[in-house]
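Now for the letters of each chain:
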Number of protein chains: 2
Amino acid sequence: MEDVLSAALPQAAIAPRRLHQAMRYAVLGGGKRIRPLLAFAAGELAGAGPDRIAVVAAAVELIHAYSLVHDDLPCMDDDVLRRGKPTCHVEYDEATALLAGDGLQTLAFQLLTERPLSDDPAVQLEMVKLLAVASGSRGMAGGQAIDLDSVGKPLSLPELEFMHIHKTGALIRASVQLGALCGQGLGEGEMERLLHFAKCIGLAFQVVDDILDAESTTATLGKTAGKDADANKPTYVTIMGASAARAFAAELHADALTALQPFGARAERLRQIADFVVKREF
Amino acid sequence: MEDVLSAALPQAAIAPRRLHQAMRYAVLGGGKRIRPLLAFAAGELAGAGPDRIAVVAAAVELIHAYSLVHDDLPCMDDDVLRRGKPTCHVEYDEATALLAGDGLQTLAFQLLTERPLSDDPAVQLEMVKLLAVASGSRGMAGGQAIDLDSVGKPLSLPELEFMHIHKTGALIRASVQLGALCGQGLGEGEMERLLHFAKCIGLAFQVVDDILDAESTTATLGKTAGKDADANKPTYVTIMGASAARAFAAELHADALTALQPFGARAERLRQIADFVVKREF
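The model shown is predicted, which means the values in this text are computed figures rather than measured ones.

Caption draft 1: Focus on the overall build of chain A. The helix and strand inventory of chain A stands at 15 helices and two strands. Relative to the compact-globule value of 19 Å for 282 residues, chain A shows a C-alpha radius of gyration of 18 Å, a close match. When its C-alpha atoms are laid out on the principal axes, chain A stretches across 50 × 50 × 30 Å. Every one of the 282 residues in chain A was classed for burial, and the buried ones make up 54%. Long-range contacts, defined here as pairs at least 24 residues apart, represent 71% of the contacts in chain A between residues at least 6 apart.

Structure, rendered in structure tokens:
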């Protein structure tokens, strides 16, 4: 995945160099790559070739990276540490980070158009649309806006879930769906089950994130710990308490595994990812 | 065009409302709509139907609007007035403006996937790619990075041209090309001539912008006049002088009209746009 991303990004020596260096800095050398892992696991399940899956995996990771660069800016979360390194605007400057995020978003869409990802170009157009809907104002960017608006407000649990289903859930579902669309092997109802799996795993990821944010150190996380509580942001831990949050994560994990059950051995990698999402310590 | 853009944008009542209001604010009720005009004129020349052209015209205008919202942010040009109104981050806030720009970019790509724009889906994928390349780090966003880097530096004329060919030229060329690709009526060498026309008009637009910035009032322009000189940015006026800049604009105008000559009456609208670009006073 690192090689795929490195090849997809403009080389650092190509003008404008500072912009391209910042784009590479924001994407390479860090991150859990959960979305690419999901795309690969869902793609393999659907009988897709790795070369095609790699492209959609890179596209969703570029969208994710762009969102992190913009989220970390001073006018948003104002964070200085990401993936154990200074954030993009700290390493470069705010204007360069803004443009790097912009350029990463554009590059994600460009990637989806550069080579065949489906034998049917109409399906490939659907894939571009799917990524756009998932990352736009009614998907990821919309979730970010809801998040901003929630600071200092007493959110209910359904409101918190609504925010996360947009902010992180939409792109996680898109990762699974795009990976699967690279193949042709899905049977009746299988995409729906994969999407239910993705929804559960996306939420579980967020619940675990909130638990880790509350209970871990900055050194372990590679990003600023305790940030949400300091910012007076509602989290699963502040709303439910740590113990109930852990139980909720376990419930989502079980629900995700149930959705995979009919796939048998074809879903083994997706099960491993589900385990990692819930049991991870960073 | 206003109706098309309004229908393409999420309604202001749809959540997240503040984000969608900001997106609509940034796009509607202002702007010269040069890029949509070019898309329509080139599309008509190529025999395209107005419904298809309207979609690509909206997409390029959304990309343009997103770039203005981000360019106006405090970490970039820090401007408070745009199209005679407070800039998006002044009317809303910086975080909302950042996300509104992000969402407008995504929406542009989404628009290009929602309905048939060519009878061949493979051509439509090419259109998505073309918009991505024109607006990304080796197109518009890259030009913006070069612009940032040029503040306070003594640019040569070729360096200034290189910056503008990216910052505004790439999207203007894409507007013409995307409009024409909606049709099927282009003969041998006709796209090349259209692109040469677009290149001349894009540069002429910028030269005239620099002249207007130096010689007009803020009230006439609807944006802050004298901004470039104050920011110590190189312009055609500061490098060539006003008189030579006017001669250069006239030369580009003539060159653009020569490129259209073989089209005869089919290019009448493109000629009118060329005249407007050079003779405008705002």
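Caption draft 2: The relation of the copies chain A and chain B, seen in detail. For the pair chain A and chain B, the relating rotation is 180°, the translation along its axis is 0.0 Å, and the fit reaches an RMSD of 0.0 Å. The symmetry that links the two subunits is that of a two-fold axis. Considering only C-alpha atoms, the part of chain A nearest the rotation axis is Pro 121 of chain A, at 2.8 Å. Looking at the interface residues of chain A, 100% of them are also at the interface in chain B, so both copies use one shared face.

Caption draft 3: Quick peek at the interface of chain A and chain B. Listed by partner, the interface residues are 43 residues for chain A and 43 residues for chain B. Sorting the residues of the side of chain A that touches chain B by element identifies α2 (17-27), α6 (94-114), α7 (121-135) and α8 (140-150) of chain A as the ones contributing at least two each. With 14 residues, the top contributor of residues to the side of chain A that touches chain B is α6 of chain A. When its residues are assigned to classes, the side of chain A that touches chain B shows 22 nonpolar, 14 polar and seven charged.

Caption draft 4: Looking closely at the environment of Ala 265 of chain A. All names here are of chain A. Checked against the element boundaries, Ala 265 lands in the loop between α14 (242-260) and α15 (268-279). For Ala 265, a count of 7 C-beta atoms within 10 Å corresponds to the exposed category. Sequence separation between Ala 265 and Ile 211 is 54 residues; the distance between their C-alpha atoms is 31 Å.

Caption draft 5: Spatial organisation of unusual backbone geometry. A cis amide bond links Ala 15 of chain A with the next residue in sequence, Pro 16 of chain A, at an omega value of -5°. Examined against the element boundaries, Pro 16 of chain A turns out to sit in the loop between α1 (2-8) and α2. Of note in the backbone geometry, Asp 78 of chain A takes a positive phi value of approximately 50° without being a glycine. With respect to the helices and strands, Asp 78 of chain A occurs in the loop between α4 (50-71) and β1 (81-82). Notably, Arg 83 of chain B is not glycine yet its phi reads approximately 55°, a positive angle. As for its placement among the helices and strands, Arg 83 of chain B is situated in the loop between β1 (81-82) and β2 (85-86). Classification of Arg 83 of chain B by C-beta neighbours within 10 Å gives partly exposed; the count is 16.

Caption draft 6: Fine view of the nonpolar core. In this structure, Val 56 and Leu 131 of chain A together with Val 56 and Leu 131 of chain B are the most contacted members of the largest nonpolar core, which totals 188 residues. What Leu 131 of chain A contacts, discounting residues up to four positions off in sequence, is Ala 59, Ile 63, Ala 108, Leu 112, Ala 174 and Leu 178 of chain A.

Caption draft 7: A look at α8 of chain A. In terms of residue burial, α8 of chain A counts as a mostly covered element, since nine of its eleven residues are buried. Residues of α8 of chain A that are buried include every one of Met 140, Ala 141, Gly 142, Gly 143, Gln 144, Ala 145, Ile 146, Asp 147 and Leu 148 of chain A, and no others. In this fold, the buried residues of α8 of chain A make contact with α4, α7 and α9 (157-181) of chain A together with α2 (17-27) and α6 (94-114) of chain B.

Caption draft 8: Broad picture of the packing of α2 of chain B against α6 of chain B. Residue and element names in this part refer to chain B. Close contact between α2 and α6 brings their axes to 9 Å; oriented N to C, the two are set at 70°. Here α2 lies roughly perpendicular to α6, going by the angle between them. From α2, Arg 18, Leu 19, Ala 22, Met 23, Ala 26 and Val 27 reach across to α6, where they touch Thr 96, Ala 97, Leu 99, Ala 100, Gly 103 and Leu 104.

Caption draft 9: Structural context of the environment of Lys 199 of chain B. All names here are of chain B. Looking at the element boundaries, Lys 199 is found in helix α10 (residues 190-215). For the pair Lys 199 and Ala 108, spaced 91 residues apart in sequence, the C-alpha separation works out to 22 Å. When neighbours within four sequence positions are excluded, Lys 199 is seen to be in contact with Gly 169 and Arg 173.

Caption draft 10: Molecular detail of the confidence of the model for chain A. Here chain A shows a mean pLDDT of 94. Residues at 70 or above account for 99%. Taken together, the chains of this predicted complex give a pTM of 0.96 and an interface ipTM of 0.95.

Caption draft 11: Seen up close, helix α4 (residues 50-71) of chain B. With 22 residues, α4 of chain B ought to run about 32 Å at 1.5 Å a step, and its terminal C-alpha atoms sit 31 Å apart, in line with that. When you tally the buried positions in α4 of chain B, you get 20 out of 22 residues, the bulk of the element.

Caption draft 12: Inspection of the packing of α10 of chain B against helix α15 (residues 268-279) of chain B at higher detail. Residues and elements named next belong to chain B. Running from amino to carboxyl end, α10 crosses α15 at an angle of 20°, the nearest separation of the two axes being 9 Å. With respect to each other, α10 and α15 are oriented roughly parallel. Of the two elements, α10 crosses α15, and the hand of that crossing is left-handed. Between α10 and α15, the residues in contact are Phe 197, Ile 201, Ala 204, Phe 205 and Val 208 and Leu 270, Ala 274, Val 277 and Val 278, respectively. A class-by-class count of the residues in the contact of α10 with α15 yields nine nonpolar, no polar and no charged.

Rules of the game
The numbers attached to residues start from 1 for each chain and follow its sequence in the written order. A letter from A marks each chain and a number from 1 marks each ligand, given out in the order of writing. Under the rules for a predicted model, residues below a pLDDT of 70 receive no local features and side-chain atom pairs below 80 are neither given nor counted, while totals for whole chains, interfaces and linings still include all residues. In DSSP terms, a helix is any run of H or I states spanning at least four residues, a strand is any run of E spanning at least two, and both are numbered starting from the N terminus. To get the radius of gyration, use the C-alpha atoms; to get the globule rule, take the number of residues to the power 0.38 and multiply by 2.2 Å. In this scheme every C-beta is placed from the backbone, and a residue whose C-beta has 20 or more other C-beta atoms within 10 Å is buried, one with 12 or fewer is exposed, and one in between is partly exposed. A pair of residues counts as a contact when their C-beta atoms, built from backbone coordinates, are separated by no more than 7 Å. To superpose the copies, least squares is applied to the C-alpha atoms of every residue with a pLDDT of at least 70 in both. Polar here means any residue other than Ala, Val, Leu, Ile, Met, Phe, Trp, Tyr, Cys and Pro, which are nonpolar, and Asp, Glu, Lys and Arg, which are charged; Gly is therefore polar. Put simply, a nonpolar core is a cluster of buried Ala, Val, Leu, Ile, Met, Phe, Trp, Tyr and Cys residues tied together by C-beta atoms within 7 Å. Simply put, an axis is a line fit to the C-alpha atoms, just over the touching stretch for a helix, and the angle between two N-to-C directions goes from 0 to 180 degrees. Angles are sorted into four bins: roughly parallel if under 35 degrees, roughly antiparallel if over 145, roughly perpendicular if 65 to 115, and oblique for all others. pLDDT measures how confident the predictor is about each residue, on a scale from 0 to 100. One less than the residue count of a helix, multiplied by 1.5 Å, gives the span that helix is expected to have. Should the near helix be turned anticlockwise from the far one by less than a right angle, the crossing is termed left-handed; should it be turned clockwise, right-handed.

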